[in-house]
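What follows is the residue order along each chain.
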Amino acid sequence: MERLPDGALMQRAAAGLAAACAELLDRVYGSRVVLLVGSGDNGGDALYAGARLARRGAGVAAVLLSPGRAHAAGLAAFRRAGGAVLERDRAEDAVAHADLVVDGIVGIGGKGGLRPEAAALARAAAASRAAVVAVDLPSGVEADTGEVRGEAVRADLTVTFGTHKPGLLIDPARAYAGSVRLVDIGLDLPADGAELEALQHADVARLLPVPAAESDKYRRGVVGVAAGSDRYPGAAVLAVAGALRGGAGAVRYVGAAGDAVIARYPETLVSDTGPAKAGRVQAWAVGPGAGEDAATVAEVVAAEVPVLIDADGLRLADRAAVRARTAPTLLTPHAGEAAALLGVSRAEVEAGRLTAVRELAEAYGATVLLKGSTTLVADPGGGAPVRVNATGTPWLATAGSGDVLSGVAGSLLAAGLSARDAGSVGAYLHGLAGRLAARGAPVRAHQVAEAVGQAWRDVVRG
């Protein structure tokens, strides 16, 4: 802002916002647009964008929530373009009949939910047939954490400027953002220091293990899977299914479900001697369907290779033993399991996912993959950005899906990826496979496993 003429960044933001609104309206001339304008720069962005739409023939009206503190230059430009300022008692009726509502109430500095007057307008927008566009992020959500501490605007489209804000990528706030469009306004962003990062296809492609000409199955890595029980043999089958597709050269299985595993996947190396005597592995995945087999979990935790702990293994693993490990450890809880490990309610974890994943990583001294509609991966120590994965689909909320993810990520550990990379890449492939398998319809976990290969090919092709 210091290097540019006064208002240059706001004009760039307003131009991008107006273009997105026009595209959403399809026909600008004659459309009815209502701006919800707060006192900050978000309100200024909305007013300047409204002025642009008014000059193109839209009927644009503004509701000023803090009339004495509205952005002065933006308001002047809006009025010069023919925009109208509504009295408060007409606001909700105008929103109810609008084609488009622009949310410029609160910017990235907002904390807590909306105040009553703004909340009433947010409810009116939600009840209307209007498309709702949020400026930078939906008002009422917290930009840095993704938390929603009260009522907030639910947008169909969020037009954000310069860079994505964490709250646009992390639930529950992400669900309020709708589709997100990033507008480049020319910010010179630092190369490091980000709180959050989201891998894209090219990033994942660079991390995927690729066998060399001299590779054999052992050089590519062997992953051990200690999973399943007499009661839950399917968990073992699904974890092995994921592991076979995750990049390692071979899969060793240890557990009570050996017959079921070998019947489905005869290429698996099955052992009934326990993890320590099963043969050499480069990583272990333990816990899916383990029931009460604490001895096997303890044996795996004591191994001097990277270990992934999931499902029952999270409950059975001794925290002190996990903290004492010197090899990498990856924990993969869902919100309920994370809540139990932290001693809080599931609702608390779901409301503050970024806080929860960081606290759990510190408590166990391990990398944590917190599963959910947006999966988060955090290292202990807080030095690296938390990674967020959004490739999934709600159809992945199906029994056994997490077992497949454990197998995929465990296999990537054995292939040589760090715990952070194995978790991030595994979640990315798993989510993409879920989309490919589901295609808008219910999907079963074994179908997700079968689609991992296609997801891998899609990533490599870019």
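Residues numbered from 1 in each chain as written. Predicted model: local features only at pLDDT ≥ 70, side-chain atom pairs only at ≥ 80, totals over all residues. Heavy atoms only, no water.

Looking at an unreviewed UniProt entry, one finds the protein chain named Bifunctional NAD(P)H-hydrate repair enzyme and attributed to Streptomyces longwoodensis.

**Student:** Outline the domain arrangement of the protein chain, listing residues and values.
**Tutor:** Once the domains are mapped, the protein chain shows domain 1 (8–189) and domain 2 (201–461). Here the C-alpha centre of domain 2 lies 41 Å away from the C-alpha centre of domain 1. When domain 1 packs against domain 2, close to 720 Å² is buried across both sides, 56% of that on carbon and sulfur atoms. On the surface where domain 1 and domain 2 come into contact, there are zero salt bridges. Across the side of domain 1 that touches domain 2, the residue classes tally to three nonpolar, one polar and four charged. (Domains from an automatic or database assignment. Buried area = accessible area lost by both parts, 1.4 Å probe. Salt bridge = Lys/Arg side-chain N within 4 Å of Asp/Glu carboxyl O. Nonpolar A, V, L, I, M, F, W, Y, C, P; charged D, E, K, R; others polar.)

**Student:** Quick rundown of helix α16 (residues 401–414)? Include the residues and the values.
**Tutor:** Compared with an ideal rise of 1.5 Å per residue, which puts 14 residues at 20 Å, α16 spans 20 Å between its outermost C-alpha atoms and is within 8% of the ideal. Burial analysis of α16 places 13 of its 14 residues in the buried class, which makes it a mostly covered element. Phi turns positive, to about 115°, at G416, one or two residues after α16. (Helix = DSSP H or I, 4+ residues; strand = E, 2+ residues; numbered from the N terminus. Expected span 1.5 Å × (residues − 1). Buried < 20%, exposed > 50% of the residue type's maximum accessible area, 1.4 Å probe, protein only.)

**Student:** Which residues make up the sheet that holds strand β2 (residues 59–64), and what values do they have?
**Tutor:** Reading across the sheet, the seven strands line up as β3-β2-β1-β4-β5-β6-β7 and stay open at both edges, with parallel pairing between neighbours. Each end of this open sheet is capped by a strand with a single partner; those strands are β3 (84–85) and β7 (179–183). Note that strand β6 (residues 157–161) and β7 share five bridges and pair parallel. Paired with F161 across the bridge in β7 is V183. The sheet strands contacting helix α1 (residues 8–25) are β1 (32–37), β4 (100–104), β5 (131–135), β6 and β7, and the helix crosses β6 at an angle near 160°. (Pairing = 2+ DSSP bridges. Contact = heavy atoms within 4.5 Å. Axes fitted to C-alpha atoms, helices over the stretch in contact; angles between N-to-C directions.)

**Student:** Quick rundown of the side chain of T329? Include the residues and the values.
**Tutor:** Mapped onto the secondary structure, T329 falls in strand β14 (residues 329–331). There is a polar contact of 2.7 Å between the side chain of T329 and the side chain of R325. Not counting residues within four places of it along the chain, the set of residues in contact with T329 comprises V307, I309, V322, A366, T367 and A419. (Polar contact = N/O pair within 3.5 Å; in protein donor to acceptor, adjacent residues only side chain to side chain.)

**Student:** How would you explain the environment of G59 if you had to name every residue and give the values?
**Tutor:** The topology assignment puts G59 in strand β2. A sequence separation of 291 residues divides G59 from E350, and the C-alpha atoms of the two residues are 41 Å apart. When near neighbours in sequence (up to four residues on either side) are disregarded, G59 contacts S31, R32 and V33.

**Student:** Describe the packing of helix α17 (residues 419–438) against helix α18 (residues 445–461), naming the residues involved and giving the relevant values.
**Tutor:** Between α17 and α18, the shortest axis-to-axis distance is 7 Å and the interhelical angle comes to 110°. The pairing of α17 with α18 is recorded here as roughly perpendicular in orientation. On α18, the residues that touch Y428, L429, H430, L432, A433, G434, L436 and A437 of α17 are Q447, V448, A451, V452, Q454, A455, W456, D458 and V459. Partitioning the contact of α17 with α18 into residue classes produces twelve nonpolar, four polar and one charged. (Parallel < 35°, antiparallel > 145°, perpendicular 65-115°, else oblique.)

**Student:** Kindly report on the sheet that holds strand β9 (residues 222–226), identifying the contributing residues and their values.
**Tutor:** Spatially, the ten strands line up as an open sheet ordered β8-β17-β16-β15-β14-β13-β12-β9-β10-β11, and their pairing is mixed. Strand pairing shows two members of the sheet lacking a second neighbour, β8 (196–197) and β11 (269–271), which therefore form its edges. Direction of pairing for β8 relative to strand β17 (residues 386–389): parallel, over a ladder of two bridges. Across the sheet, residue E197 finds its bridge partner in β17, namely R387.

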